[in-house]
Amino acid sequence: MTTLKARSIRLVKPVVRWGLAHAVPRAALRVAARRGDLQARLVDEAEKAPTAALDGLFTEIRDLGPLVRTRFAFVTATHSTVKEVLTSNDFRSGVGPSGDGLLPRLSRWSAPDVLHPVAPPSLLATEPPEHTRYRKLVTRVFTVRAVENLRERTEQIANDLLDTLDPSRPVDLVKTYCSLLPVTVIAEILGVPEEQRQRVLELGGAAAPSLDMGLSWREFRNVEAALAAFDSWLADHLDHLRSHPGDNLMSRIIAAREDGVSLTDAELRATAGLVLAAGFETTVNLLGNGIALLCRNPAQLGALRDDPGLWPNAVEETLRVDPPVLLTGRTCLRDTEIAGVRVPEGAIALTVLAGANRDPALFSDPATFDVTRENAREHVSFSAGRHYCLGASLARMEGEVGLRVLFDRFPDLRLRPGATRRGTRVLRGYEHLPALLR
């Protein structure tokens, strides 16, 4: 009887998780979208539309005020308000239920045993003092200098990948270049053997929808299976690095100490998983989005050829115009006021990063892709405050090297028909990007 009960509980928990995180919110959002709710419309339209096509919706949100109350949350696409929420100590990261009510208790009871990218102890989901200790240890190893030391190796990897392509044949740049460059770099950073990298790439891709809300049961189960496999692989990989430390950043993170205390096993797995997934999933999108923008704006590509010193700024402008992440959520910890709007404890605030990046109050002619834009770096694509992206310097370096080397090697590169966007809502990029190299 005990065994049967335990088995029943194991079967029921995933159903409860899916219902709380996906089925119920999806049904409610669909009804609200039909009634014109802005948040619901954003979630609905983001699944089908490229970021540029959401510009009108971003404008609608901003026109209603800096922080708009919708049926389920407060929403902002105003740059100054997005930064205010993200840097405020009155908000915590994430949007999961908290407290002692029925939904929070169900959420805790049904929580999976494997790590999730937006659940503690992930850096995306922890708060001070744990977050401060945790991030300090990781940042000590993951420095700007350490990233810059990878530049020459990144250029070599980019050229090696391009050497394998046949310029006389059409290629899918996402499959053959945009995905392989960052996964190779991040795999070397984390000491992942070459024969395991394809598996890591597959698991990362399968787990990418974990940031979305409203997954179907099949999608949800696929994501959970990928996260479980990823967690198991990480545990084995970290055990290997402990007994065989190498000259890689992950080995240094394992050895790092703060006041004599190192990261726990769960924290190490969460760090490795976050660095691995975020380190290539978002950079894949950055590279694909940048290629598409440059091919569709040949005058901007011409400006880069005239002045190669603009490449770093071209990466910033790509991040601004078509960011790899659409939005992020925060939960209010106590009654507060943001942009003159009262926000009660427990309320959710959605900060639309892509909308803030197109705020005309800060960016002139914001829909235009301009690699010479002086304030392009003021985008919020890497978030802000204590949860500012740990891998921002790595993403910038890989984006600059990856785009520059590609267009230097193949200056006549042009896109073919058939480009498709990813089906994920939060992560924004291309699934396929067919091209001719010459």
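Quick caveat: nothing in here was measured; it's all calculated off a predicted structure. (Residues numbered from 1 in each chain as written. Predicted model: local features only at pLDDT ≥ 70, side-chain atom pairs only at ≥ 80, totals over all residues. Heavy atoms only, no water.)

Draft legend 1. A look at the sheet that holds strand 3 (residues 91-93). Read across the open sheet, the five strands follow the order 1-2-8-5-3; overall the sheet is mixed. A single partner strand is all that each edge strand has here, and the edge strands are strand 1 (68-69) and strand 3. Where strand 5 (residues 328-332) meets strand 8 (residues 348-351), four bridges bridge the pair, whose relative direction is antiparallel. Its bridge partner lying in strand 8, Arg 330 is registered against Ala 349. Most of the contacts of helix 4 (residues 79-87) go to strand 8, to which it runs at about 130 degrees, and overall it touches strand 2 (74-76), strand 3, strand 5 and strand 8. (Pairing = 2+ DSSP bridges. Helix = DSSP H or I, 4+ residues; strand = E, 2+ residues; numbered from the N terminus. Contact = heavy atoms within 4.5 Å. Axes fitted to C-alpha atoms, helices over the stretch in contact; angles between N-to-C directions.)

Draft legend 2. Looking closely at a positive patch on the surface. Positive charge collects at one region of the surface, where Arg 30, Arg 34, Arg 35 and Arg 71 lie side by side. Among the secondary structure elements, Arg 30 is positioned in helix 1 (residues 2-34). (Patch = residues over 30% accessible without salt bridge, like charges linked within 9 Å, V, L, I, M, F, W, Y side chains within 5 Å. Areas by Shrake-Rupley, 256 points an atom, 1.4 Å probe, with all protein chains shown as cover. Salt bridge = Lys/Arg side-chain N within 4 Å of Asp/Glu carboxyl O. Lys, Arg positive; Asp, Glu negative; His and termini not counted. Charge placed at Lys NZ, Arg CZ, Asp CG, Glu CD.)

Draft legend 3. Representation of the sheet that holds strand 9 (residues 414-415). One open sheet accounts for three strands, arranged 4-12-9; its pairing is antiparallel. Because the sheet does not close on itself, it has two edges, and the strands there are strand 4 (171-172) and strand 9. Across two bridges, strand 4 lies against strand 12 (residues 434-436) in antiparallel orientation. By the bridge assignment, Val 171 is partnered in strand 12 with Ala 435.

Draft legend 4. How the structure looks around the pattern of salt bridges. Scanning the model with the defined rule gives 23 salt bridges in all. Put simply, Glu 155 and Arg 404 hold a salt bridge, and the shortest N to O gap is 2.7 Å. Taken as a pair, Glu 155 in helix 8 (residues 151-163) and Arg 404 in helix 18 (residues 392-409) lie far apart in primary sequence, 249 residues in all. Given the relative accessible area of 17%, Arg 404 is considered buried. (Buried < 20%, exposed > 50% of the residue type's maximum accessible area, 1.4 Å probe, protein only.)

Draft legend 5. Quick look at the packing of aromatic side chains. Within the structure shown, the criterion is met by five aromatic pairs. Between the aromatic rings of Trp 18 and Trp 217, the centroid separation amounts to 5.5 Å while the plane-to-plane angle is 70 degrees, which identifies the pairing as edge-to-face. Within this pair, whereas Trp 18 is found in helix 1, its partner Trp 217 is found in helix 12 (residues 217-243), the two being separated by 199 residues in sequence. Assessed through its relative accessible area of 18%, Trp 18 is described here as buried. Lying over the aromatic face of Phe 363, Arg 320 brings its terminal NZ or CZ to 5.1 Å of the ring centre. Note that Arg 421 overlies the ring of Tyr 430, its terminal NZ or CZ placed 4.7 Å from the centroid. (Phe/Tyr/Trp six-rings, centres within 6.5 Å; stacked < 30°, edge-to-face > 60°. Lys NZ or Arg CZ within 6 Å of the ring centre and 35° of its normal.)

Draft legend 6. Quick peek at the state of the cysteines. This model, assessed by the stated rule, comprises zero disulfides. Of all cysteine sulfurs in the structure, the one in Cys 178 sits closest to Cys 389, which takes part in no disulfide; the separation is 18 Å. (Disulfide = S-S within 2.5 Å.)

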